[in-house]
Amino acid sequence: MEELIEQIKIVLQQKLYHPFASSYIEKPVIDEKMLFALVEVLERTDFSKDDKVKYATAVMLIQIALNTHDEVTLSAETDQEIDLLKRQLTILSGDYYSGLYYQTLAELESDTWIQCLSNGIKEINEYKLMLKDPALPLNERAVLQEKIKTTLLTKISMLYIES
């Protein structure tokens, strides 16, 4: 399992690197706990090792894309040009990672995973919208934040628990 995790991390690092963006924005963080849990689920499937790498890479890429978009800051018009460039590159990087997710998932030709992850992304975005409500109680805010972190993994796990 450790070998598979390392292989996935290498693939992710290669896909996530962009020379221009890397000089202005922080390198995306790979959520090690999520990757470990994801590999635990994938190890219970009969997918080939290469497909496990692709599935895990796709899921991690979309999670990183979503996280990257969350890092975009809203600022006053008085920002310096470099701050504007960083915000633009953060948005573009999130879009780029999202595109890599779609490309990776399309290579696998799995309608089940496409539907599963699409539903998960939709739910995550709904939770994020709910978080914008200033009247939302703190306990509900905490529940939504946890759902945002775990929805993709939960959806994928349910594919194999139900089958």
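Residues numbered from 1 in each chain as written. Predicted model: local features only at pLDDT ≥ 70, side-chain atom pairs only at ≥ 80, totals over all residues. Heavy atoms only, no water.

Visitor: Sorry, what's going on with helix H3 (residues 32–42) here?
Guide: Each α-helix winds once per 3.6 residues, and so residues spaced three or four apart point in a common direction. Those residues of H3 not exposed but buried are Met34, Leu35, Leu38, Val39, Val41 and Leu42. All buried residues of H3 fall inside an arc of 155° around its axis, so they share one side. Tucked inside the fold, the buried residues of H3 contact helix H1 (2–16), helix H4 (49–70), helix H6 (111–131) and helix H7 (138–161). Between the side-chain oxygen of the N-cap and the backbone nitrogen of Lys33 there are 3.1 Å, and the N-cap of H3 in question is Asp31. (Buried < 20%, exposed > 50% of the residue type's maximum accessible area, 1.4 Å probe, protein only. Helix = DSSP H or I, 4+ residues; strand = E, 2+ residues; numbered from the N terminus. Arc of directions from axis to C-beta. Contact = heavy atoms within 4.5 Å. Polar contact = N/O pair within 3.5 Å; in protein donor to acceptor, adjacent residues only side chain to side chain.)

Visitor: Before we go on, may I ask you to explain unusual backbone geometry in this structure?
Guide: Of all residues except glycine, most have a negative phi; of all peptide bonds, most are trans. One non-glycine residue, Glu109, adopts positive backbone phi at about 50°. Position of Glu109 among the secondary structure elements: in the loop between helix H5 (81–108) and H6. The exposure class assigned to Glu109 is exposed, which follows from its relative accessible area of 69%.

Visitor: Please clarify how the packing of H4 against H7 should be interpreted in this entry.
Guide: One way to put it is that H4 packs onto H7 with a least axis distance of 11 Å and a crossing angle of 160°. In this view, H4 runs roughly antiparallel relative to H7, as classed from their interaxial angle. Regarding H4 and H7, the two cross each other, and that crossing is right-handed. Listed contacts from H7 to Val59, Ile62, Gln63 and Leu66 of H4 are Ile148, Lys149, Leu152 and Ile156. By residue class, the composition of the contact of H4 with H7 is 6 nonpolar, 1 polar and 1 charged. (Axes fitted to C-alpha atoms, helices over the stretch in contact; angles between N-to-C directions. Parallel < 35°, antiparallel > 145°, perpendicular 65-115°, else oblique. Left-handed = near helix turned anticlockwise from the far one by under 90°. Nonpolar A, V, L, I, M, F, W, Y, C, P; charged D, E, K, R; others polar.)

Visitor: Would you explain the environment of Leu144 in this entry?
Guide: Here Leu144 lies in helix H7. On the basis of relative accessible area, Leu144 is assigned to the buried category, the value being 7%. Separated by 73 residues in the primary sequence, Leu144 and Glu71 have C-alpha atoms spaced 18 Å apart. Every residue in contact with Leu144, bar those within four places of it in the chain, is listed here: Tyr127, Met130, Leu131 and Leu136.

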